[in-house]
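# Understanding the architecture of this molecule
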Amino acid sequence: MQEVDTVITGGVVLTLDERDTRIEGGAVAIKGDTIMGVGRAEELRQEFVGRTLIEAEDSLIMPGLINGHTHAAMTCFRGMADDMELTTWLNDYIFPAEAKHADAELAYWGSLLACAEMIKSGTTTFCDMYIFEDETARAAKEAGVRCLLGEGLLGFPSPNAPTSAEGLACARRLIEKWQGDSLVNIMVEPHSLYICSPSLLIKAKELADEYHIPYGLHLLENQAEQRQLQERLGKKPLWFLKEIGYLTERFLAYHCVFMDEEDIGLFAEHGCRVIHDPESNMKLASGVAPVPAMLKAGITVGLGTDGCASNNNLDMFQEMDTAAKLHKVHNLDPTVMAAGTVLRMATCEGAKALGLGEKTGTLTVGKKADVIIIDLNKPHLTPLYNEYSHLVYAVSGADVDTVLINGQLVMRKRRLLTIDEREVMTQVRNIASGIKKTLTARTQA
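Quick caveat: nothing in here was measured; it's all calculated off a predicted structure.

The next point concerns empty space enclosed by the protein. Across all of its chains, the model carries two cavities of 30 Å³ or more by this definition. Empty space within the largest cavity amounts to approximately 250 Å³. Every residue lining the largest cavity is counted, 21 residues in all, and those nearest its centre are His71, Leu90, Phe95, His191 and His218. Going through the elements one at a time, α2 (86-101) and β9 (123-130) are the ones with two or more residues in the lining of the largest cavity. It is α2 that contributes the most residues to the lining of the largest cavity, six residues altogether. Roughly 70 Å³ of internal volume is contained in the second largest cavity. Along the walls of the second largest cavity sit Glu151, Gly152, Leu153, Leu154, Phe156, Ser158, Ala161, Thr163, Ser164, Gly167 and Leu200, which together make up its complete lining. Contributing elements (two or more residues each) for the lining of the second largest cavity: β10 (146-153) and α5 (164-178). No other element matches β10, which puts three residues into the lining of the second largest cavity.

Next comes the structure, spelled out in C-alpha coordinates:
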(Lines give C-alpha, C1' and ligand atoms only; values in the text may rest on other atoms or scores of the structure.)
Protein backbone atom coordinates (compact mmCIF):
# COMPACT_ATOMS: atom_id res chain seq x y z
CA MET A 1 0.00 0.00 0.00
CA GLN A 2 1.46 3.34 -1.08
CA GLU A 3 0.83 6.43 1.04
CA VAL A 4 -0.16 9.55 -0.88
CA ASP A 5 -1.20 13.03 0.16
CA THR A 6 -4.74 13.12 -1.23
CA VAL A 7 -7.30 10.69 -2.58
CA ILE A 8 -10.44 12.03 -4.25
CA THR A 9 -13.11 9.36 -4.45
CA GLY A 10 -16.77 8.68 -5.15
CA GLY A 11 -17.66 10.71 -8.22
CA VAL A 12 -17.55 10.24 -11.98
CA VAL A 13 -14.02 10.91 -13.24
CA LEU A 14 -13.68 12.54 -16.67
CA THR A 15 -10.03 12.26 -17.63
CA LEU A 16 -10.21 14.19 -20.98
CA ASP A 17 -7.43 11.90 -22.22
CA GLU A 18 -7.13 10.82 -25.85
CA ARG A 19 -9.84 8.18 -25.37
CA ASP A 20 -12.13 10.47 -23.35
CA THR A 21 -12.02 7.91 -20.56
CA ARG A 22 -14.97 8.10 -18.17
CA ILE A 23 -14.82 6.26 -14.84
CA GLU A 24 -18.00 5.69 -12.86
CA GLY A 25 -17.31 5.58 -9.12
CA GLY A 26 -13.81 6.77 -9.83
CA ALA A 27 -10.92 8.06 -7.79
CA VAL A 28 -7.74 10.10 -8.19
CA ALA A 29 -4.63 9.62 -6.03
CA ILE A 30 -2.21 12.55 -5.61
CA LYS A 31 1.26 12.70 -4.10
CA GLY A 32 2.97 16.07 -3.89
CA ASP A 33 2.12 17.90 -7.10
CA THR A 34 1.59 14.78 -9.22
CA ILE A 35 -1.25 12.42 -10.12
CA MET A 36 -0.20 8.93 -9.03
CA GLY A 37 -3.33 6.97 -9.88
CA VAL A 38 -6.65 7.30 -11.73
CA GLY A 39 -9.22 4.52 -11.80
CA ARG A 40 -12.16 2.90 -10.08
CA ALA A 41 -12.32 3.69 -6.37
CA GLU A 42 -12.30 0.07 -5.20
CA GLU A 43 -9.17 -0.61 -7.23
CA LEU A 44 -7.27 2.49 -6.07
CA ARG A 45 -8.15 1.72 -2.43
CA GLN A 46 -6.14 -1.48 -2.80
CA GLU A 47 -3.09 0.47 -3.95
CA PHE A 48 -3.16 3.88 -2.23
CA VAL A 49 -3.98 5.31 1.16
CA GLY A 50 -4.39 9.06 1.41
CA ARG A 51 -3.53 11.31 4.33
CA THR A 52 -6.43 13.46 3.13
CA LEU A 53 -9.62 11.90 1.75
CA ILE A 54 -12.00 14.03 -0.32
CA GLU A 55 -15.34 12.33 -0.83
CA ALA A 56 -17.03 13.50 -4.00
CA GLU A 57 -20.36 11.71 -4.19
CA ASP A 58 -22.82 13.18 -6.73
CA SER A 59 -19.93 15.03 -8.34
CA LEU A 60 -17.82 15.21 -11.47
CA ILE A 61 -14.04 15.01 -11.00
CA MET A 62 -12.21 16.52 -13.97
CA PRO A 63 -9.16 18.53 -15.07
CA GLY A 64 -9.14 22.22 -14.21
CA LEU A 65 -10.07 24.63 -16.97
CA ILE A 66 -7.47 26.53 -19.02
CA ASN A 67 -8.14 30.23 -19.67
CA GLY A 68 -5.99 30.72 -22.76
CA HIS A 69 -6.09 34.51 -22.96
CA THR A 70 -6.84 37.19 -20.41
CA HIS A 71 -5.55 40.41 -18.84
CA ALA A 72 -5.90 39.56 -15.16
CA ALA A 73 -5.25 43.00 -13.64
CA MET A 74 -8.03 44.49 -15.77
CA THR A 75 -10.53 43.27 -13.19
CA CYS A 76 -9.95 46.81 -11.85
CA PHE A 77 -11.53 48.18 -15.07
CA ARG A 78 -14.52 45.81 -15.13
CA GLY A 79 -17.54 47.66 -16.53
CA MET A 80 -15.65 50.93 -16.93
CA ALA A 81 -16.26 51.32 -20.67
CA ASP A 82 -18.89 49.17 -22.35
CA ASP A 83 -20.95 49.13 -25.55
CA MET A 84 -18.39 50.58 -27.93
CA GLU A 85 -16.19 49.57 -30.85
CA LEU A 86 -12.71 48.11 -30.26
CA THR A 87 -10.53 51.05 -31.36
CA THR A 88 -12.70 53.58 -29.51
CA TRP A 89 -12.71 51.37 -26.42
CA LEU A 90 -8.92 51.00 -26.51
CA ASN A 91 -7.77 54.46 -27.59
CA ASP A 92 -10.33 56.64 -25.80
CA TYR A 93 -10.84 54.71 -22.57
CA ILE A 94 -8.55 51.76 -21.79
CA PHE A 95 -5.15 53.16 -22.82
CA PRO A 96 -5.78 56.57 -21.12
CA ALA A 97 -7.02 54.86 -17.94
CA GLU A 98 -3.95 52.61 -17.89
CA ALA A 99 -1.61 55.56 -18.47
CA LYS A 100 -3.11 57.34 -15.48
CA HIS A 101 -3.84 54.52 -13.05
CA ALA A 102 -1.92 51.34 -13.91
CA ASP A 103 0.88 50.68 -11.45
CA ALA A 104 2.32 47.78 -9.49
CA GLU A 105 -0.38 48.00 -6.81
CA LEU A 106 -3.22 47.85 -9.34
CA ALA A 107 -1.54 44.94 -11.15
CA TYR A 108 -1.07 42.96 -7.93
CA TRP A 109 -4.52 43.41 -6.40
CA GLY A 110 -6.34 43.23 -9.73
CA SER A 111 -4.53 39.98 -10.55
CA LEU A 112 -5.23 38.54 -7.12
CA LEU A 113 -8.92 39.32 -7.60
CA ALA A 114 -8.76 37.60 -10.98
CA CYS A 115 -7.16 34.54 -9.38
CA ALA A 116 -9.96 34.42 -6.81
CA GLU A 117 -12.58 34.63 -9.54
CA MET A 118 -10.85 32.01 -11.68
CA ILE A 119 -10.38 29.52 -8.84
CA LYS A 120 -14.02 29.90 -7.82
CA SER A 121 -15.12 29.17 -11.40
CA GLY A 122 -12.83 26.19 -11.95
CA THR A 123 -9.89 27.69 -13.84
CA THR A 124 -6.54 26.27 -12.73
CA THR A 125 -4.29 27.73 -15.48
CA PHE A 126 -4.42 31.10 -17.22
CA CYS A 127 -2.41 32.85 -19.92
CA ASP A 128 -1.93 36.56 -19.32
CA MET A 129 -0.66 39.66 -21.09
CA TYR A 130 -0.46 43.01 -19.31
CA ILE A 131 1.97 45.49 -17.81
CA PHE A 132 3.69 45.05 -14.42
CA GLU A 133 3.43 41.31 -15.08
CA ASP A 134 5.86 40.51 -12.31
CA GLU A 135 3.07 41.56 -9.95
CA THR A 136 0.65 39.24 -11.74
CA ALA A 137 3.18 36.43 -11.38
CA ARG A 138 3.53 37.21 -7.66
CA ALA A 139 -0.25 37.18 -7.21
CA ALA A 140 -0.64 33.90 -9.09
CA LYS A 141 2.15 32.29 -7.08
CA GLU A 142 0.60 33.37 -3.78
CA ALA A 143 -2.83 32.15 -4.90
CA GLY A 144 -1.38 28.86 -6.10
CA VAL A 145 -2.62 29.24 -9.69
CA ARG A 146 -0.69 27.93 -12.70
CA CYS A 147 0.01 30.60 -15.33
CA LEU A 148 1.78 31.47 -18.56
CA LEU A 149 2.34 35.19 -18.80
CA GLY A 150 4.33 37.92 -20.48
CA GLU A 151 4.92 41.64 -20.17
CA GLY A 152 2.81 43.44 -22.76
CA LEU A 153 5.26 45.07 -25.19
CA LEU A 154 3.88 48.29 -26.66
CA GLY A 155 4.91 50.66 -29.41
CA PHE A 156 4.41 53.65 -27.11
CA PRO A 157 5.43 54.47 -23.52
CA SER A 158 3.72 52.36 -20.86
CA PRO A 159 3.60 53.04 -17.11
CA ASN A 160 6.10 50.19 -16.65
CA ALA A 161 8.37 50.87 -19.64
CA PRO A 162 8.88 54.35 -21.16
CA THR A 163 10.60 52.87 -24.22
CA SER A 164 10.44 49.67 -26.26
CA ALA A 165 13.99 48.83 -25.17
CA GLU A 166 12.97 49.06 -21.52
CA GLY A 167 9.93 46.90 -22.26
CA LEU A 168 12.18 44.20 -23.72
CA ALA A 169 14.51 44.49 -20.74
CA CYS A 170 11.54 44.05 -18.43
CA ALA A 171 10.48 40.95 -20.37
CA ARG A 172 14.00 39.52 -20.02
CA ARG A 173 14.03 40.13 -16.25
CA LEU A 174 10.68 38.37 -15.98
CA ILE A 175 12.00 35.33 -17.87
CA GLU A 176 15.12 35.07 -15.75
CA LYS A 177 13.38 35.64 -12.42
CA TRP A 178 10.71 32.95 -12.87
CA GLN A 179 12.71 30.42 -14.86
CA GLY A 180 12.07 26.91 -13.51
CA ASP A 181 9.19 27.91 -11.22
CA SER A 182 6.63 25.19 -10.51
CA LEU A 183 3.62 27.39 -11.33
CA VAL A 184 4.74 30.53 -13.17
CA ASN A 185 5.73 30.12 -16.83
CA ILE A 186 6.88 33.05 -18.95
CA MET A 187 6.38 33.93 -22.63
CA VAL A 188 7.13 36.99 -24.78
CA GLU A 189 4.13 39.10 -25.77
CA PRO A 190 4.24 42.06 -28.15
CA HIS A 191 0.72 43.48 -28.04
CA SER A 192 -0.20 43.42 -31.74
CA LEU A 193 0.88 44.22 -35.27
CA TYR A 194 -0.98 47.53 -35.22
CA ILE A 195 0.74 48.77 -32.06
CA CYS A 196 4.25 47.31 -32.34
CA SER A 197 6.84 48.32 -34.94
CA PRO A 198 8.46 45.65 -37.11
CA SER A 199 11.69 46.25 -35.19
CA LEU A 200 10.02 45.58 -31.84
CA LEU A 201 8.29 42.47 -33.20
CA ILE A 202 11.60 41.08 -34.49
CA LYS A 203 13.43 41.78 -31.22
CA ALA A 204 10.61 40.17 -29.25
CA LYS A 205 10.87 37.03 -31.37
CA GLU A 206 14.65 36.97 -30.92
CA LEU A 207 14.18 37.11 -27.14
CA ALA A 208 11.69 34.22 -27.26
CA ASP A 209 14.09 32.23 -29.46
CA GLU A 210 16.98 32.85 -27.08
CA TYR A 211 15.11 31.14 -24.24
CA HIS A 212 13.08 28.83 -26.49
CA ILE A 213 9.77 29.92 -24.96
CA PRO A 214 6.36 30.72 -26.48
CA TYR A 215 5.49 34.13 -27.89
CA GLY A 216 2.10 35.56 -28.74
CA LEU A 217 0.11 38.60 -29.82
CA HIS A 218 -3.39 39.84 -30.61
CA LEU A 219 -4.04 39.12 -34.27
CA LEU A 220 -6.76 40.13 -36.76
CA GLU A 221 -9.28 40.90 -34.06
CA ASN A 222 -11.61 42.89 -36.29
CA GLN A 223 -12.04 43.96 -39.91
CA ALA A 224 -10.75 47.49 -39.36
CA GLU A 225 -7.47 46.04 -38.07
CA GLN A 226 -7.22 43.74 -41.07
CA ARG A 227 -7.71 46.63 -43.53
CA GLN A 228 -5.35 48.93 -41.67
CA LEU A 229 -2.57 46.34 -41.58
CA GLN A 230 -3.00 45.41 -45.24
CA GLU A 231 -2.62 49.06 -46.20
CA ARG A 232 0.30 49.75 -43.87
CA LEU A 233 2.26 46.59 -44.62
CA GLY A 234 1.43 46.42 -48.31
CA LYS A 235 0.69 42.72 -47.95
CA LYS A 236 -1.44 40.29 -45.98
CA PRO A 237 -0.55 40.38 -42.27
CA LEU A 238 0.21 36.65 -42.15
CA TRP A 239 2.62 36.92 -45.06
CA PHE A 240 4.39 39.66 -43.14
CA LEU A 241 4.56 37.41 -40.06
CA LYS A 242 5.93 34.59 -42.18
CA GLU A 243 8.64 36.85 -43.58
CA ILE A 244 9.85 37.86 -40.12
CA GLY A 245 9.86 34.26 -38.89
CA TYR A 246 6.83 34.36 -36.59
CA LEU A 247 5.00 31.32 -37.94
CA THR A 248 6.30 28.47 -35.78
CA GLU A 249 4.86 25.96 -33.32
CA ARG A 250 5.68 28.35 -30.43
CA PHE A 251 3.49 31.14 -31.83
CA LEU A 252 0.21 31.75 -29.99
CA ALA A 253 -2.30 34.12 -31.63
CA TYR A 254 -5.26 35.62 -29.78
CA HIS A 255 -8.63 36.18 -31.51
CA CYS A 256 -7.89 35.54 -35.23
CA VAL A 257 -11.39 36.66 -36.19
CA PHE A 258 -10.54 37.70 -39.76
CA MET A 259 -8.48 34.78 -41.00
CA ASP A 260 -9.31 33.48 -44.47
CA GLU A 261 -8.68 30.03 -45.94
CA GLU A 262 -5.12 30.91 -46.95
CA ASP A 263 -4.35 32.24 -43.46
CA ILE A 264 -5.73 29.08 -41.86
CA GLY A 265 -3.59 26.99 -44.21
CA LEU A 266 -0.45 28.91 -43.21
CA PHE A 267 -1.18 28.43 -39.50
CA ALA A 268 -1.84 24.73 -39.97
CA GLU A 269 1.31 24.28 -42.05
CA HIS A 270 3.55 25.92 -39.45
CA GLY A 271 1.91 24.51 -36.30
CA CYS A 272 0.79 27.90 -34.97
CA ARG A 273 -1.82 27.91 -32.22
CA VAL A 274 -4.94 30.02 -31.61
CA ILE A 275 -6.95 31.16 -28.59
CA HIS A 276 -10.62 31.83 -29.29
CA ASP A 277 -12.33 34.59 -27.23
CA PRO A 278 -15.99 34.50 -28.31
CA GLU A 279 -17.62 36.65 -25.63
CA SER A 280 -15.14 39.51 -26.00
CA ASN A 281 -15.44 39.34 -29.80
CA MET A 282 -19.23 39.43 -29.53
CA LYS A 283 -19.32 42.29 -27.01
CA LEU A 284 -16.99 44.44 -29.13
CA ALA A 285 -18.84 43.36 -32.31
CA SER A 286 -15.52 42.24 -33.77
CA GLY A 287 -16.96 39.27 -35.62
CA VAL A 288 -16.93 35.48 -35.41
CA ALA A 289 -13.62 33.65 -35.74
CA PRO A 290 -13.67 30.72 -38.22
CA VAL A 291 -12.93 28.18 -35.48
CA PRO A 292 -14.67 25.17 -37.08
CA ALA A 293 -12.48 25.66 -40.18
CA MET A 294 -9.38 25.99 -38.00
CA LEU A 295 -10.18 22.75 -36.19
CA LYS A 296 -10.85 20.98 -39.46
CA ALA A 297 -7.43 22.13 -40.70
CA GLY A 298 -5.79 20.61 -37.62
CA ILE A 299 -4.94 23.83 -35.78
CA THR A 300 -4.77 23.55 -31.98
CA VAL A 301 -7.37 25.99 -30.64
CA GLY A 302 -7.85 26.89 -26.98
CA LEU A 303 -10.48 29.04 -25.33
CA GLY A 304 -10.12 32.28 -23.37
CA THR A 305 -12.22 34.95 -21.73
CA ASP A 306 -10.08 37.98 -22.60
CA GLY A 307 -9.97 40.61 -19.84
CA CYS A 308 -12.77 41.75 -17.55
CA ALA A 309 -12.93 45.11 -19.32
CA SER A 310 -14.23 43.44 -22.48
CA ASN A 311 -16.11 40.35 -21.28
CA ASN A 312 -16.90 41.14 -18.25
CA ASN A 313 -16.11 37.97 -16.29
CA LEU A 314 -13.59 35.14 -16.13
CA ASP A 315 -16.06 32.24 -16.02
CA MET A 316 -14.82 29.62 -18.47
CA PHE A 317 -18.02 27.58 -18.15
CA GLN A 318 -19.94 30.55 -19.50
CA GLU A 319 -17.32 30.94 -22.24
CA MET A 320 -17.78 27.31 -23.30
CA ASP A 321 -21.54 27.72 -23.53
CA THR A 322 -21.13 30.85 -25.65
CA ALA A 323 -18.52 29.28 -27.93
CA ALA A 324 -20.71 26.29 -28.72
CA LYS A 325 -23.89 28.29 -29.38
CA LEU A 326 -22.25 31.15 -31.29
CA HIS A 327 -20.83 28.89 -33.97
CA LYS A 328 -24.04 26.88 -34.29
CA VAL A 329 -26.11 29.95 -35.05
CA HIS A 330 -23.40 31.58 -37.17
CA ASN A 331 -23.10 28.46 -39.35
CA LEU A 332 -26.81 27.59 -39.13
CA ASP A 333 -25.64 24.12 -38.14
CA PRO A 334 -26.45 22.65 -34.70
CA THR A 335 -23.79 19.94 -35.12
CA VAL A 336 -20.73 22.22 -35.22
CA MET A 337 -18.72 22.84 -32.03
CA ALA A 338 -20.20 19.88 -30.17
CA ALA A 339 -19.98 19.91 -26.38
CA GLY A 340 -17.07 17.48 -26.34
CA THR A 341 -15.08 19.61 -28.77
CA VAL A 342 -15.60 22.77 -26.74
CA LEU A 343 -14.82 21.07 -23.43
CA ARG A 344 -11.51 19.83 -24.85
CA MET A 345 -10.72 23.39 -26.05
CA ALA A 346 -11.07 24.50 -22.42
CA THR A 347 -8.95 21.65 -21.03
CA CYS A 348 -6.51 19.40 -22.91
CA GLU A 349 -6.43 21.38 -26.18
CA GLY A 350 -6.05 24.63 -24.24
CA ALA A 351 -3.09 23.15 -22.40
CA LYS A 352 -1.52 22.10 -25.71
CA ALA A 353 -2.08 25.59 -27.13
CA LEU A 354 -0.09 27.07 -24.23
CA GLY A 355 2.69 24.51 -24.59
CA LEU A 356 1.70 22.99 -21.23
CA GLY A 357 0.15 19.79 -22.52
CA GLU A 358 2.83 17.65 -20.86
CA LYS A 359 1.95 19.15 -17.47
CA THR A 360 -1.79 19.67 -17.34
CA GLY A 361 -5.11 19.47 -19.19
CA THR A 362 -5.97 15.81 -18.45
CA LEU A 363 -6.25 13.57 -15.43
CA THR A 364 -3.53 11.07 -16.26
CA VAL A 365 -0.79 9.49 -14.19
CA GLY A 366 2.36 11.60 -14.16
CA LYS A 367 0.69 14.93 -14.88
CA LYS A 368 0.37 17.74 -12.38
CA ALA A 369 -2.63 17.47 -10.09
CA ASP A 370 -4.83 20.29 -11.40
CA VAL A 371 -8.28 18.97 -10.47
CA ILE A 372 -11.74 20.44 -10.01
CA ILE A 373 -14.84 18.88 -8.48
CA ILE A 374 -18.29 19.89 -9.75
CA ASP A 375 -21.23 19.51 -7.37
CA LEU A 376 -24.07 17.91 -9.38
CA ASN A 377 -26.61 17.96 -6.57
CA LYS A 378 -28.37 21.05 -7.95
CA PRO A 379 -31.84 21.57 -9.47
CA HIS A 380 -30.41 22.97 -12.73
CA LEU A 381 -28.12 19.94 -13.07
CA THR A 382 -30.88 17.37 -12.59
CA PRO A 383 -31.33 14.95 -14.33
CA LEU A 384 -28.00 14.02 -15.92
CA TYR A 385 -27.74 12.09 -19.19
CA ASN A 386 -24.45 13.33 -20.65
CA GLU A 387 -21.66 14.89 -18.60
CA TYR A 388 -20.08 16.77 -21.51
CA SER A 389 -23.40 18.32 -22.44
CA HIS A 390 -24.01 19.36 -18.84
CA LEU A 391 -20.56 20.91 -18.47
CA VAL A 392 -20.96 23.08 -21.56
CA TYR A 393 -24.68 23.94 -21.49
CA ALA A 394 -25.79 23.73 -17.85
CA VAL A 395 -22.91 24.03 -15.37
CA SER A 396 -21.75 27.47 -14.22
CA GLY A 397 -18.65 28.51 -12.36
CA ALA A 398 -20.69 28.65 -9.15
CA ASP A 399 -21.11 24.86 -9.30
CA VAL A 400 -17.40 24.29 -8.69
CA ASP A 401 -17.06 22.91 -5.16
CA THR A 402 -13.37 22.07 -4.77
CA VAL A 403 -10.14 22.96 -6.61
CA LEU A 404 -6.63 21.55 -6.38
CA ILE A 405 -3.73 23.06 -8.33
CA ASN A 406 -0.32 21.41 -8.45
CA GLY A 407 -1.61 19.09 -5.72
CA GLN A 408 -2.46 21.97 -3.37
CA LEU A 409 -6.01 22.40 -2.13
CA VAL A 410 -6.86 26.02 -3.03
CA MET A 411 -10.65 25.88 -2.57
CA ARG A 412 -12.77 23.48 -0.52
CA LYS A 413 -16.55 23.62 -0.44
CA ARG A 414 -16.50 27.07 -2.10
CA ARG A 415 -14.11 28.54 0.50
CA LEU A 416 -10.85 29.97 -0.85
CA LEU A 417 -7.84 28.70 1.09
CA THR A 418 -4.97 30.71 -0.41
CA ILE A 419 -6.61 34.13 -0.84
CA ASP A 420 -8.26 36.48 1.65
CA GLU A 421 -11.27 37.18 -0.53
CA ARG A 422 -12.64 40.02 1.58
CA GLU A 423 -9.33 41.89 1.73
CA VAL A 424 -8.77 41.58 -2.03
CA MET A 425 -12.22 42.94 -2.86
CA THR A 426 -11.71 45.83 -0.42
CA GLN A 427 -8.37 46.75 -2.02
CA VAL A 428 -9.79 46.66 -5.55
CA ARG A 429 -12.80 48.75 -4.52
CA ASN A 430 -10.38 51.36 -3.15
CA ILE A 431 -8.44 51.37 -6.42
CA ALA A 432 -11.68 51.66 -8.40
CA SER A 433 -12.83 54.65 -6.35
CA GLY A 434 -9.82 56.61 -7.57
CA ILE A 435 -10.49 55.59 -11.17
CA LYS A 436 -14.15 56.63 -10.84
CA LYS A 437 -13.15 60.13 -9.74
CA THR A 438 -11.11 60.73 -12.90
CA LEU A 439 -13.90 59.32 -15.07
CA THR A 440 -16.40 61.65 -13.42
CA ALA A 441 -14.09 64.64 -13.86
CA ARG A 442 -13.60 63.75 -17.54
CA THR A 443 -17.37 63.45 -18.10
CA GLN A 444 -18.04 66.80 -16.42
CA ALA A 445 -15.27 68.45 -18.46
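With that settled, the discussion passes to the layout of surface pockets. The space that makes up the largest pocket amounts to roughly 290 Å³. Looking at the largest pocket, it is lined by 17 residues, and the ones nearest its centre are Leu148, Asn185, Ile186, Ile213 and Pro214. Elements with a contribution of two residues or more to the lining of the largest pocket: α5 and β11 (184-186). A per-element tally of the lining of the largest pocket places β11 first, with three residues.

Looking now at the sheet that holds strand β13 (residues 215-219). Sheets are built from strands paired through backbone hydrogen bonds, the pairs being either parallel or antiparallel. An order of β13-β14-β15-β16 is seen for the four strands of this open sheet, with the pairing classed as parallel. Each having just a single partner strand, β13 and β16 (301-303) make up the two edges of the open sheet. The average angle at which neighbouring strand axes cross in this sheet is 25°, direction not considered. Summarising the sheet, β13 and strand β14 (residues 251-255) pair through five bridges and their orientation is parallel. Of the residues in β14, the one forming a bridge with leucine 219 is histidine 255. Sheet contacts for helix α12 (residues 316-331): β15 (273-276) and β16; angle to β16, the most-contacted strand, approximately 125°.

What the rule picks out here adds up to 27 salt bridges. Arginine 22 is the partner of glutamate 24 in a salt bridge, and the nearest nitrogen-oxygen pair spans 2.8 Å. Overall, the relative accessible area of 40% leaves arginine 22 in the partly exposed class. A salt bridge links aspartate 321 to lysine 325, with the shortest nitrogen-to-oxygen separation between them at 3.0 Å.

With that settled, consider the packing of α5 against helix α6 (residues 198-211). In the contact formed by α5 and α6, the axes pass within 11 Å of each other and the chain directions differ by 15°. Overall, the two elements α5 and α6 adopt an arrangement that is roughly parallel. Once α5 is placed against α6, the crossing between them reads as right-handed. Here Ser164, Leu168, Ala171, Arg172, Ile175 and Glu176 of α5 come into contact with α6, specifically with Leu200, Lys203, Ala204, Leu207, Glu210 and Tyr211. Class assignment for the residues of the contact of α5 with α6 results in seven nonpolar, one polar and four charged.

With respect to the helices, strands and loops of the structure, valine 342 is situated in helix α13 (residues 339-345). Accessibility expressed as a relative area gives 0% for valine 342, which makes it buried. Residues valine 342 and alanine 324 lie 18 residues apart in sequence; the distance between their C-alpha atoms is 6.5 Å. Sequence-distant contacts of valine 342, defined by excluding residues within four places in its chain, comprise Leu303, Met320, Ala323, Ala324 and Met337.

With that settled, the discussion passes to the nonpolar core. Counting residues in each nonpolar core, the largest one holds 126 residues, and the members touching the most others are Leu219, Leu241, Phe251, Phe267 and Ile374. Broken down by element, this core gets its largest block of residues, eleven residues, from helix α3 (residues 104-120). Counting residues in each nonpolar core, the second largest holds 14 residues, with Ile23, Ile61, Val371 and Ile373 among its members.

Criteria and thresholds
Residues numbered from 1 in each chain as written. Predicted model: local features only at pLDDT ≥ 70, side-chain atom pairs only at ≥ 80, totals over all residues. Heavy atoms only, no water. 1 Å grid on protein atoms, 1.4 Å probe; cavity = no way out; pocket = protein on both sides within 12 Å on 5 of 7 lines; lining within 4 Å. Points joined across faces, edges and corners; volume = space filled by probe spheres on them. Helix = DSSP H or I, 4+ residues; strand = E, 2+ residues; numbered from the N terminus. Pairing = 2+ DSSP bridges. Axes fitted to C-alpha atoms, helices over the stretch in contact; angles between N-to-C directions. Contact = heavy atoms within 4.5 Å. Salt bridge = Lys/Arg side-chain N within 4 Å of Asp/Glu carboxyl O. Buried < 20%, exposed > 50% of the residue type's maximum accessible area, 1.4 Å probe, protein only. Parallel < 35°, antiparallel > 145°, perpendicular 65-115°, else oblique. Left-handed = near helix turned anticlockwise from the far one by under 90°. Nonpolar A, V, L, I, M, F, W, Y, C, P; charged D, E, K, R; others polar. Core = buried A, V, L, I, M, F, W, Y, C linked by side-chain atoms within 4.5 Å.

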